[in-house]
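Summary of structural features
Below, each chain spelled out in residue letters.
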Amino acid sequence: MLQENFKYSHLLSIPYCHISSSFCCGGGLESRSEITFCNILSTARSIPAFFNVAVAVILYCFYTHYNSKVYALVWFTWVTVVLLLSEVVAPLKNVSKIFIIGAAFLAALCSLGTSFSSDFSNDGYGRMLVKMFLLFFCWFILFLKSFLVVQILMERYHYKRTEPGEYRIRECFLICLLINFLVYMPFFLVQYPGVLTGDSVHQMAQILGQESFSNHHPWYYTMLIGLFFKLGRMVFGSANGGIATYTIFSVLFICACCAYVITFLYKKGVKWYWLLLLEIAYAFDPIKAQMSITMWKDIIFSGSVLVLCILLADFQSTVKWRVSIFIIGMLICLTRNNGFLIITCSYALLFVCWKQYRKFLCRAFLPVMLVYLIMTNIVMPYMGVEETETERIKENYCAWKSDAVKGIVRPNEKIIVDNKLEYLKLWMRIGIKNPYCYLKAYIEQTKGYWYHKVDYKVCEEEGADDKTIGMV
């Protein structure tokens, strides 16, 4: 935790000042001259309960209006207790800068997500901005006070311990891996040999030679599926056996990524009951189990991103760390077409922030980017991997779903590459005329990744029955 603290109570006293001034100044203009900032602050601190309940009520009105009454009541009670508890155990005195930045960032995401979910645009820009600012402030207070309460609890129960040995670390990883795998197995057995959607079937058709190679879905991910499929078919003698072999790999990969997180926290000295709670959350989350048996590129990609985050948190200037970054970096780049941007932006940010490790970071990240560029710009054309066409954009365009056009227009499509400046100017001209539409479209397309209240069906299909690829 950062040791750099500074006084923040005067900033958080601003809303108190506004509230208390309405009470103090009610006697007339002559009473205003006697009011000082200290008097206002003293009066404000006498009504923290009113302020915290007001924050909870505002969040309740905008955040839980579409949920069930039982959920809303529980949520409102919980938030109110957290806010009031913070006044007792964690008053706003010395607040770490990292808490302020983190609370502001999360509050911005929540206020944007809540605002566009509620469709404040009907109120006009002025009222919409006021509501967004109000929600931002309330979310900021809630996150900041939650951070402070957790900090107090962690400091109160903190204890020193020596770092566990290598044997204990491996033991922790294997135990968590085994628990996750055993819990996920019923999902696999019920939906044997795995969950395949239309996208998965197209990739299987490429592997079987029924369709030509395409980068509509990352070609290298298709080849990864093919590797396990052919191995399983050779051993078990059926398409079901081949698909099940890939599914087992996918389950093991996700289980290992979750176990890696637990192991990292174990190394850092987190108490056993917190580790147990997190392991239960990972193992018994049905979404993770369901997704782990689904033949989608997003599964391997998401697990790789999680491991990348832990690797960055556990930075070590060693060859082992560099090799790990290379493996995970290649998985990120090759399982999603925008993975290269994630690695590039991560490297650029680390290069700016970690000046003392710039040479080491270059040796860790540049090989990933270089190998990826060779594999996509030399190997893929040589293997005859096809890109998609753009003549079908007009008839495939759908105002409420991007998949049709996304499947046609790819980042390295020749017509876009040859005319990228013209496309950029067109995009900017339309954006200047319709800024709200651009912002709303971006939020609607991405909020599933950063706003926690998105209602989205992660998988509607259970298994598949496609005789064209020999699967039953």
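As the structure is a computational prediction, the values presented were derived from the model and not from experiment.

What the protein chain contains, in helices and strands, is 21 helices and two strands. Burial analysis of the protein chain (472 residues in total) assigns 40% to the buried set. If you sum the accessible surface of the protein chain, you get close to 27,500 Å²; carbon and sulfur atoms cover 67% of it.

Our focus in this paragraph is the side chain of Arg336. Position of Arg336 among the secondary structure elements: in the loop between helix H14 (319-335) and helix H15 (339-353). According to the relative accessible area criterion, Arg336 is buried, its value standing at 17%. Engagement of the side chain of Arg336 in a polar contact is seen with the side chain of Asp298, the distance being 2.6 Å. Discounting chain neighbours no more than four positions away, the residues touching Arg336 are Pro218, Lys297, Asp298 and Phe301.

The full count for this structure, using the stated rule, is five salt bridges. In this structure, Asp314 and Lys267 form a salt bridge, with 3.2 Å as the shortest nitrogen-oxygen distance. Of this pair, Asp314 sits in the loop between helix H13 (297-313) and H14 while Lys267 sits in helix H10 (residues 239-267), and the two are 47 residues apart along the sequence. For Lys267, a relative accessible area of 24% translates into the label partly exposed. Ionic contacts of the salt-bridge type, sharing partners, join the residues Lys267, Lys268 and Asp314 into one network.

Turning to its location among the elements, Gln206 is positioned in helix H8 (residues 198-207). Those residues in contact with Gln206 that lie beyond four places of it in its chain are Glu211, Ser212, Phe213, Ser214, Trp219 and Thr222.

Evaluation of the coordinates by the stated rule reveals 24 aromatic pairs. Taking 5.6 Å as the distance between ring centres and 45 degrees as the angle between the ring planes, the aromatic pair formed by Phe99 and Phe147 counts as tilted. You can see Phe99 sitting in helix H5 (residues 97-118) and its partner Phe147 sitting in helix H6 (residues 125-156), a full 48 residues away along the chain. Both rings, one in Tyr347 and one in Phe365, keep their centres 5.8 Å apart while their planes meet at 35 degrees; by these two values the pair is tilted. Highlighted residues: Tyr347 in helix H15 and Phe365 in helix H16 (residues 358-382), separated in sequence by 18 residues. Comparing Tyr347 with Phe365 shows no difference in burial state: the two are buried.

Given a rise of 1.5 Å per residue, 15 residues ought to cover 21 Å, and the 21 Å separating the end C-alpha atoms of H15 matches this to within 8%. Looking at H15, one finds that the buried residues are Gly339, Phe340, Ile343, Ser346, Tyr347 and Leu350. The buried side chains of H15 occupy one side of the element, clustering within an arc of 135 degrees when seen end-on. In H15, the exposed positions that point more than 90 degrees away from the buried face belong to Leu341, Cys345, Leu349 and Val352. Residues of H15 that are buried in the fold lie against H13, H14 and H16.

With that settled, the discussion passes to the nonpolar core. Considering soluble globular proteins, one finds that nonpolar side chains tend to be buried as a cluster. Counting residues in hydrophobic clusters, the biggest one holds 74 residues, and the most contacted among them are Met204, Ile243, Tyr246, Met295, Trp321, Ile343 and Phe365. For Met204, the residues in contact, after removing those within four places along its chain, are Leu196, Ile225, Phe229, Ile243, Met295 and Ile469. Listed in part, the 24 residues of the second largest apolar core include Phe51, Val79, Ile100 and Trp139.

Okay, helix H9 (residues 219-236) next. The terminal C-alpha atoms of H9 lie 25 Å apart, and with 18 residues this matches the ideal 26 Å at 1.5 Å per residue to within 8%. Within H9, burial applies to Trp219, Tyr220, Tyr221, Thr222, Ile225, Gly226, Phe228, Phe229 and Gly232. Here the buried face of H9 lies against H8, H10, H13, H14 and H16. Phi for Gly237, located one or two positions after H9, is positive at around 80 degrees.

A few words on the packing of H14 against H16. For any two helices packed against each other, the geometry comes down to the angle between their axes and how far apart the axes lie. Packing of H14 against H16 leaves a shortest axis separation of 9 Å and a crossing angle of 35 degrees. Between H14 and H16 lies a crossing of right-handed hand. Side by side, H14 and H16 meet where Trp321, Arg322, Ile325, Phe326, Gly329, Met330, Cys333 and Leu334 of the first sit next to Phe360, Leu361, Arg363, Ala364, Phe365, Pro367, Val368, Val371, Tyr372 and Met375 of the second. The residue inventory of the contact of H14 with H16, partitioned by class, reads 15 nonpolar, one polar and two charged.

This part is about the confidence of the model for the protein chain. With 73% of its residues at a pLDDT of 70 or more, the protein chain shows a mean pLDDT of 77. Confidence over residues 1-45 falls short of pLDDT 50; this stretch has 53 contacts with residues more than four positions distant or in other chains.

This part takes up unusual backbone geometry. Residues Tyr192 and Pro193 are joined by a peptide bond in cis, for which omega reads 5 degrees. Take Pro193: it is sitting in the loop between helix H7 (166-190) and H8.

The next point concerns a nonpolar patch on the surface. Taken together, the side chains of Trp272, Tyr273, Trp274, Leu276, Leu277, Ile280 and Phe284 make up a nonpolar region of the molecular surface, amounting to roughly 810 Å² of accessible area. Residue position: Trp274 is located in helix H11 (residues 272-283).

Simply put, disulfide is the name for a covalent bond between the sulfur atoms of two cysteines. In this structure the tally under the stated criterion is zero disulfides. No disulfide involves Cys176; its sulfur sits 4.4 Å from that of Cys172, the nearest cysteine.

Analysis parameters
- Residues numbered from 1 in each chain as written.
- Predicted model: local features only at pLDDT ≥ 70, side-chain atom pairs only at ≥ 80, totals over all residues.
- Heavy atoms only, no water.
- Helix = DSSP H or I, 4+ residues; strand = E, 2+ residues; numbered from the N terminus.
- Buried < 20%, exposed > 50% of the residue type's maximum accessible area, 1.4 Å probe, protein only.
- Areas by Shrake-Rupley, 256 points an atom, 1.4 Å probe, with all protein chains shown as cover.
- Polar contact = N/O pair within 3.5 Å; in protein donor to acceptor, adjacent residues only side chain to side chain.
- Contact = heavy atoms within 4.5 Å.
- Salt bridge = Lys/Arg side-chain N within 4 Å of Asp/Glu carboxyl O.
- Phe/Tyr/Trp six-rings, centres within 6.5 Å; stacked < 30°, edge-to-face > 60°.
- Expected span 1.5 Å × (residues − 1).
- Arc of directions from axis to C-beta.
- Core = buried A, V, L, I, M, F, W, Y, C linked by side-chain atoms within 4.5 Å.
- Axes fitted to C-alpha atoms, helices over the stretch in contact; angles between N-to-C directions.
- Left-handed = near helix turned anticlockwise from the far one by under 90°.
- Nonpolar A, V, L, I, M, F, W, Y, C, P; charged D, E, K, R; others polar.
- pLDDT = per-residue confidence, 0-100.
- Patch = residues over 30% accessible without salt bridge, like charges linked within 9 Å, V, L, I, M, F, W, Y side chains within 5 Å.
- Disulfide = S-S within 2.5 Å.

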